[in-house]
Amino acid sequence: MKRLFFRLCAMVLMAALLIAGGLAWFAQSPVGLRQSPLDFTVEPGSSMRQVARQLVDSGIDVEPFLLVTLSRLTRQANAIKAGSYQIENGVTPLRLLDKLSRGDTTQGDVALIEGWSFRQFRAALDRHPDLRHDSAGLSDAQVLERIGAAARHPEGLFFPDTYLFARQSSDLDVLRRAYRNQQRVLQREWEKRADGLPYKDPYEALIMASIVEKETGLAADRPLVASVFVNRLRAGMLLQTDPTVIYGLGTAFDGNLRKRDLLADSAYNTYLRMGLPPTPISMPGVAAMRAALNPEPTDYLYFVARGDGSSAFSRSLEEHNRAVARYIRKPSP
């Protein structure tokens, strides 16, 4: 009996050694690829068994059962991260699991540009091939709800920047990050604002920043443009800025602002309505926010575009009219 017992133990030990050796050989042997490099995606919420099957379906020649077993032995089975990955010839199952557990995903990027409207933001996300379009069919209000924003109107609430993401990430994730960034930047800049500004809260400063963003792209002119509008608010004057009227026209604007547009009443017609419009009119960047919250101390009340990207600033209507006659000959703030 003892001899039989020792034989059984020896056989079990030999079998264990063979299995361990085979698993070690499997772990260190390069997997076959349908092509190199090869892109594949791990879907969110996938179990290790599902991940193994997704790899095979993507063109990776690996034994699913052995891969799952190896992942459990290395304690990586529950550490696999969703996202898009790229691998090349020579990768082993062990290195593959390490890549998946580290979340070493391939990245896409999308640029959300200063001065864009939220409609343009959404269009850029909608046409991006590397994003999952979870916002498709959602209204703006539903998008705000999905990303956890309490606001009712989306304009101005998203920070323009270039956002990196793992391929096949949700477009809502990008919007959520852009929203949080804008809230953080706005609060930071609000805390460093100049004294005596005519804003009741950070949102009004954001509205002003969105106007400054649309009125000039010249860095040196932003604080001066902001000073004109701040001085007008203080003096109880109409802002009279074309971009707010254009925003109010929405998709009806054909690129040509007409006199009838300036005479048509709307919440965004600052030629007819006193004070700031009800919402931002674009997505302002940090430079426009800083200008709105720290305008140049001037007594300018007017400005007109020179045609070269810069503006001519005036203190009186008479001086402004001369500048208009010189540079553009049409109504301007």
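The rules behind each value
- Residues numbered from 1 in each chain as written.
- Predicted model: local features only at pLDDT ≥ 70, side-chain atom pairs only at ≥ 80, totals over all residues.
- Heavy atoms only, no water.
- Helix = DSSP H or I, 4+ residues; strand = E, 2+ residues; numbered from the N terminus.
- Rg over C-alpha atoms; globule rule 2.2 N^0.38 Å.
- Buried < 20%, exposed > 50% of the residue type's maximum accessible area, 1.4 Å probe, protein only.
- Areas by Shrake-Rupley, 256 points an atom, 1.4 Å probe, with all protein chains shown as cover.
- Contact = heavy atoms within 4.5 Å.
- 1 Å grid on protein atoms, 1.4 Å probe; cavity = no way out; pocket = protein on both sides within 12 Å on 5 of 7 lines; lining within 4 Å.
- Points joined across faces, edges and corners; volume = space filled by probe spheres on them.
- Nonpolar A, V, L, I, M, F, W, Y, C, P; charged D, E, K, R; others polar.
- Salt bridge = Lys/Arg side-chain N within 4 Å of Asp/Glu carboxyl O.
- Axes fitted to C-alpha atoms, helices over the stretch in contact; angles between N-to-C directions.
- Parallel < 35°, antiparallel > 145°, perpendicular 65-115°, else oblique.
- Left-handed = near helix turned anticlockwise from the far one by under 90°.
- Phe/Tyr/Trp six-rings, centres within 6.5 Å; stacked < 30°, edge-to-face > 60°.
- Lys NZ or Arg CZ within 6 Å of the ring centre and 35° of its normal.
- Polar contact = N/O pair within 3.5 Å; in protein donor to acceptor, adjacent residues only side chain to side chain.

Considering the overall build of the protein chain
Helix and strand counts for the protein chain come out as 13 helices and 10 strands. On C-alpha atoms alone, the protein chain measures out to a radius of gyration of 30 Å, which is more than a quarter above the 20 Å that the 2.2 N^0.38 rule sets for 333 residues. Overall, the C-alpha framework of the protein chain stretches about 115 × 40 × 35 Å when taken along its three principal axes. Buried residues in the protein chain amount to 45% of all 333 residues. As displayed, the protein chain has an accessible area near 17,700 Å², and 52% of this comes from carbon and sulfur atoms.

A word on the environment of Met208
Locating Met208 in the fold gives a position in helix 8 (residues 202-215). For Met208, a relative accessible area of 0% puts it in the buried group. Sequence-wise, Met208 and Met289 are 81 residues apart; in three dimensions their C-alpha atoms are separated by 8.0 Å. When neighbours within four sequence positions are excluded, Met208 is seen to be in contact with Tyr199, Phe229, Val230, Leu233, Leu276 and Ala292.

Notes on the layout of surface pockets
If a probe the size of a water molecule is rolled over the atoms, the empty space left behind becomes visible. A volume near 400 Å³ is recorded for the second largest pocket. Residue lining of the second largest pocket: 19 residues in total, with Ser117, Arg119, Glu155, Tyr247 and Ile281 positioned closest to the centre. It is helix 5 (residues 118-126) that contributes the most residues to the lining of the second largest pocket, 4 residues altogether. Across the lining of the second largest pocket, the residue classes tally to 8 nonpolar, 6 polar and 5 charged.

A closer look at unusual backbone geometry
In this structure, Arg75 takes a positive phi of about 60° despite not being glycine. Of note, Arg75 is situated in the loop between helix 3 (64-73) and strand 4 (83-87). With phi around 50°, Gln240 is a residue other than glycine that occupies positive phi space.

Observations concerning helix 4 (residues 93-102)
Among the residues making up helix 4, those that are buried are Pro93, Leu96, Leu97, Lys99, Leu100 and Ser101. Following helix 4 by one or two positions, Gly103 adopts a phi angle in the positive range, close to 70°.

Some remarks on the pattern of salt bridges
Applying the stated criterion across every chain yields a total of 12 salt bridges. Between Arg258 and Asp254 there is a salt bridge whose closest N-O contact spans 3.0 Å. For Arg258, a relative accessible area of 27% puts it in the partly exposed group.

Some remarks on the packing of helix 8 against helix 9 (residues 222-235)
The N-to-C vectors of helix 8 and helix 9 enclose an angle of 130°; their axes lie 9 Å apart at closest approach. Classed by the angle they form, the pair helix 8 and helix 9 counts as oblique. Two packed elements cross with a definite hand, and for helix 8 against helix 9 that hand is right-handed. Side by side, helix 8 and helix 9 meet where Met208, Ile211, Val212, Glu213 and Glu215 of the first sit next to Arg222, Val225, Ala226, Phe229, Val230 and Leu233 of the second.

A word on the packing of aromatic side chains
Inspection of every chain in the model, using the stated rule, returns 8 aromatic pairs. For the ring pair Phe40 and Tyr85, a centre distance of 5.6 Å and an interplane angle of 15° mean the geometry is stacked. In this pair, Phe40 sits in strand 2 (residues 38-42) while Tyr85 sits in strand 4, placing the two residues 45 residues apart along the sequence. Exposure class is identical for Phe40 and Tyr85. Each is buried. Here the aromatic rings of Phe303 and Phe313 are separated by 5.8 Å at their centres, their planes lie at 35°, and the arrangement is tilted. Of this pair, Phe303 sits in strand 9 (residues 302-305) while Phe313 sits in strand 10 (residues 311-314); the two residues are 10 residues apart in sequence, bridging distant segments of the chain. For Phe303, a relative accessible area of 3% puts it in the buried group. Of the aromatic side chains, those joined through ring pairs into one cluster are Phe229, Tyr300, Phe303 and Phe313. The positively charged end of Arg193 is found above the aromatic ring belonging to Trp190, 3.9 Å away from the centroid.

Section: the side chain of Gln182
Secondary-structure assignment places Gln182 in helix 7 (residues 171-191). Separated by 3.4 Å, the side chain of Gln182 and the backbone oxygen of Pro284 make a polar contact. Dropping the residues within four chain positions of it, Gln182 is found in contact with Gly156, Leu157, Phe158, Phe159, Pro160, Leu206, Pro284 and Met289.

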